[in-house]
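# Notes for the structure review
Here's the letter readout for the chains.
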Amino acid sequence: LKMSWFWFYLPLHLLMVACLCHSIKAPTTSFQQSFKTDLFNFYHSRILADGKETTIHLLKDIPKRYYFVLEEGRALAPFTITVTPCDVPIEWSILVHKASASFLGKAAQGDHDTQEVSKSQKAPSMVSTIFNYKGNSVETYMGMSSHSALYMLEFLSTERDTHITVYLTTDTTSGNLYPELPTDPRIDVIGIGHTTVTLTWKHSPSVLQHSENIQYCLLVNEKHNYKSLCAAETAIRSSGMKLPPTLALSLSPYLLEPQQVMILSNSELSIINKASTGEVRQICMGTKNTYTVANLSPSTQYYFDVFVVNLLTNASAAYTGTFARTLEEPEPKVMELKDGKVIQVVLDGKKQKFYSLQYQARYKKIQFTFQLCRGQVQVHITKNGKTVASENISGLRYLSLKGKLLDTYLVQLRSTEESNSSVKLQVSPHFHKPLFPLLPESLKIRSFSKLRTCNSVTIAWLGTQEDNKYCVYKKRIEEDQVWMELQSANRCSGPESRHKSEKVLCKYFYDINLQRAVTTETIKGLDAGTLYLFDVYLFGPSGIPVRYHSKAVKTRKNC
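Residue indices follow the written sequence of each chain, beginning from 1 at its first position. pLDDT decides what is reported in this predicted model: residues at 70 or higher carry local features, side-chain atom pairs at 80 or more are listed and counted, and totals for whole chains, interfaces and linings draw on all residues regardless. Values shown for side chains rest on all heavy atoms present in the structure; no hydrogens or waters enter the calculation.

### Structural notes on the overall build of the protein
Numbering of helices and strands runs from the N terminus, with a helix taken as a DSSP run of H or I at least four residues long and a strand as a DSSP run of E at least two residues long. Each helix and strand in the protein was counted, giving eight helices and 35 strands. Burial classes follow relative accessibility: with a 1.4 Å probe on protein chains only, a residue under 20% of its type's maximum area counts as buried, one over 50% as exposed, and anything between as partly exposed. With 559 residues in all, the protein has 45% of them scored as buried. Whether two residues touch is decided by their heavy atoms; if any such pair falls within 4.5 Å, the residues are in contact. Taking the intrachain contacts of the protein between residues at least 6 apart in sequence as the baseline, contacts between residues at least 24 apart amount to 75%. Using a 1.4 Å probe, accessible areas were evaluated by the Shrake-Rupley method; residue-level cover was limited to the displayed protein chains. As displayed, the protein has an accessible area near 29800 Å², and 51% of this comes from carbon and sulfur atoms.

Right, dumping it as structure tokens:
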């Protein structure tokens, strides 16, 4: 094609760029040389979209450039550019290349090839930097643009690969993509407790105007504040967590990852992300501008960021973050132990905290007795501040200790399971009447498969050298209930918690020879093909029962 046809088909904004390329004089700096090269490759380069948020990925130490020009026929008009770093600080600049409009006209009418135009037609041109910034804050530039100017945005990350978002608009009359912040965008801390922090902030003008499309979202973490929602999401992902694309979570349901917990209550949506680096909470609370963050850890510093989110576009603006330290946890109340008194303690498995009891010795030799009722319990005992015993309790446990009169013992108990645990304990002098009876070598109940019939089963259990009372109870259960029954059984509860119809019999027995201290019992009157749970209770001189381990046995279906 001849050059005249080339100029005819070339769009106006590309025509302007091509002419500008010819008007560039011999470069005086390396930057001008680079800019001139970019202009020649404009048609194949990156054009920044007007009115749309663009995500740009940056490689370390490699600059990336984007361009924009006004549409045809537009006079001077305002424009804004907002750049949001999503991770590390970046450097970015706005450069403008201006040329005379008369030259553009001459170039458009010319019939010469590219080299001839550049040699014969010299026109004044200028490349200038009108804005530059380095940092990780959200920055907005407002300026006036002309159709006779080409703008270039240059972005550079010197720390590591990262990404940013860029929003360009030349339409300032139809409202901004981003929600507005109030003139005072600070978050105020108005209350601090041991596990709570109460925050308030001034309403966004966008909330007051378009409350149905705007909501507030709060981010809570223990590391630092975030200057944008984009930066917060990047940090969470880099820590190994996965999260929805935005905190505007009410837009549509999201499938949560295993390390995420979602809580929806009172029109508030909370997502808790858990990772090795700590816990990050995301809470979206609609248009409320006061919120109390609960279930925090005592004596811990937390960072709070509030984002106002446009539900239609997912664009957001960040308030100025704040931080607060929760109050120190008050010293736990220490319960006094008394000689010979039996107490039962229920331990909260979720909090995993120690329950403390104190005892001042009135004798040189003392004995602690522990009976595990449910769950798993760790026991830690100190004497005058020094550890003398630390172990996990299983079944019944006696700990005999020797010291001086008025020694102070501190007993600390905690559940090692997430579910609640409970334990009975007693402290007494060595010569004190024992709380629990002498126990056999094993508390297991045996059943004999060959002796099972359609209406009876035979069980056996070990006894001791003491003449004690043993009571047998049975309970009919379904096969899918066995595991739950065994897990939830309270090994400290006695027959008083059982229904009278479950009692089978009570008997006394003992044997001086422990090898023969075994008894059997055949329970009759059972239903065929039915599963039963059997329990045996041992009563000693004190009357406090010890429960054997429950045994599930099924009668034969056909005989």
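### Concerning the nonpolar core
The biggest cluster of nonpolar side chains holds 24 residues, and the ones touching the most others in it are L337, F368, F370, I381, V411 and L413. Those elements that provide at least two residues to this core are β20 (343-347), β21 (355-360), β22 (365-374), β23 (377-383), β24 (386-393), β25 (396-402), β26 (408-415) and β27 (421-429). When near neighbours in sequence (up to four residues on either side) are disregarded, V411 contacts L337, Y355, S356, L357, F368, F370, V379, H380 and I381. We define the nonpolar core as a collection of buried residues of types Ala, Val, Leu, Ile, Met, Phe, Trp, Tyr and Cys that are connected through side-chain atoms lying within 4.5 Å of one another.

### Examining the pairing of β24
Think of it this way: DSSP has to see at least two bridges between two strands before they count as a pair. In terms of strand pairing, β23 meets β24 through seven bridges, oriented antiparallel. What sits directly across from Q378, in β24, is N392. Remark: two residues form the turn of the hairpin made by β23 and β24, two consecutive strands paired antiparallel; N384 in that turn has positive phi of roughly 55 degrees.

### Quick look at the side chain of N289
Within the secondary structure, N289 is located in the loop between β14 (278-284) and β15 (290-293). Polar contact is defined as a pair of N or O atoms within 3.5 Å, subject to the rule that within protein one atom must be able to donate a hydrogen and the other to accept it, and that residues adjacent in sequence are counted only when both atoms are side-chain atoms. Here the side chain of N289 touches W201 through a polar contact of 2.7 Å, landing on its backbone oxygen. The residues touching N289, leaving out its near neighbours within four places in the chain, are L199, T200, W201, K202, H203 and Y216.

### Brief notes about the environment of T183
With respect to the secondary-structure elements, T183 resides in the loop between β8 (162-169) and β9 (187-192). Relative accessible area serves as the criterion here: at 85%, T183 is assigned to the exposed category. Sequence separation between T183 and S204 is 21 residues; the distance between their C-alpha atoms is 8.9 Å.

### A look at the sheet that holds strand β29 (residues 457-462)
With antiparallel pairing, three strands are arranged side by side in an open sheet as β28-β29-β32. Two strands close off the open sheet at either side, each with one partner strand: β28 (446-447) and β32 (518-523).

### Considering the packing of aromatic side chains
When two rings of Phe, Tyr or Trp (its six-membered ring) have centres within 6.5 Å they constitute a pair, described as stacked for plane angles under 30 degrees, edge-to-face for angles over 60, and tilted for the intermediate range. Counting across every chain of the model gives 19 aromatic pairs. Ring geometry for Y473 versus Y537: centroids 5.6 Å apart, planes at 85 degrees, classification edge-to-face. Of this pair, Y473 sits in strand β30 (residues 468-476) while Y537 sits in strand β33 (residues 531-539), and the two are 64 residues apart along the sequence. No difference in accessibility class separates Y473 from Y537, as the two residues are buried. Connected via pairs of aromatic rings, a cluster forms that spans F68, F79, W92, F131, Y141, Y151 and F155. We note R46 situated over the ring of Y66; from NZ or CZ to the ring centre the distance is 5.9 Å. Over a ring means this: the NZ of a Lys or the CZ of an Arg is within 6 Å of the ring centre and within 35 degrees of the ring normal. For the cation-ring pair, K507 lies above F509, with the distance from its terminal atom to the ring centre recorded as 5.9 Å.

### A look at the sheet that holds β22
Sheet architecture is open: four strands sit in the order β20-β27-β22-β25, paired in antiparallel fashion. Every other strand in the sheet has two partners, leaving β20 and β25 as the edge strands with one partner each. Each strand axis lies, on average, 25 degrees off the axis of its neighbour in the sheet, ignoring direction. In this structure, β20 lies alongside β27, joined through five bridges in antiparallel fashion. Within β27, the position partnered with V346 by the bridge is S422. Here, axes are lines fitted to C-alpha atoms. For helices the fit covers the stretch in contact, and angles between N-to-C directions go from 0 to 180 degrees.

### Quick notes on the state of the cysteines
A pair of sulfur atoms, both from cysteines and within 2.5 Å, is called a disulfide here. Tallied over the full model, the rule gives five disulfides. Covalently, C86 is tied to C230 through a disulfide, its sulfur atoms 1.5 Å apart. Linking C86 and C230, the disulfide has an S-S dihedral of approximately 105 degrees and is accordingly described as right-handed. Here the residue C86 occupies a position in the loop between β3 (77-85) and β4 (90-99), and C230 occupies one in helix α7 (residues 229-238), the gap between them amounting to 144 residues. The class of C86 is buried, set by a relative accessible area of 0%. C230 gets classed as buried once you look at its relative accessible area, which sits at 16%. Disulfide partner of C471: C506, at an S-S distance of 2.0 Å. Since a negative S-S torsion denotes a left-handed disulfide, the C471-C506 link at about 110 degrees is right-handed. Of this pair, C471 sits in strand β30 while C506 is found in strand β31 (residues 503-509), placing the two residues 35 residues apart along the sequence.

### Some details on unusual backbone geometry
One non-glycine residue, S299, lies in the positive phi region at around 50 degrees. Counting through the fold element by element, S299 comes out in the loop between β15 and β16 (301-310). One non-glycine residue, N384, lies in the positive phi region at around 55 degrees. Counting through the fold element by element, N384 comes out in the loop between β23 and β24.

### What about the confidence of the model for the protein?
What pLDDT expresses is the predictor's confidence in each residue, scored from 0 to 100. Of the residues in the protein, 76% have a pLDDT of 70 or more, and the chain-wide mean is 79. When mean pLDDT is taken per element in the protein, β29 scores highest with 97 and helix α1 (residues 3-9) scores lowest with 34. Contacts for the low-pLDDT stretch residues 40-44, under 50 throughout, to residues beyond four places or in other chains number eight contacts.

### Some details on the pattern of salt bridges
What makes a salt bridge here is a side-chain nitrogen of Lys or Arg within 4 Å of a carboxyl oxygen of Asp or Glu, nothing more. Applying the stated rule across the entire model yields 15 salt bridges. Across the pair D184 and R186 runs a salt bridge, and its minimum N-O distance is 2.9 Å. The class of D184 is buried, set by a relative accessible area of 18%. Overlapping salt bridges bring together R498, E502, D535 and R547 as one network.

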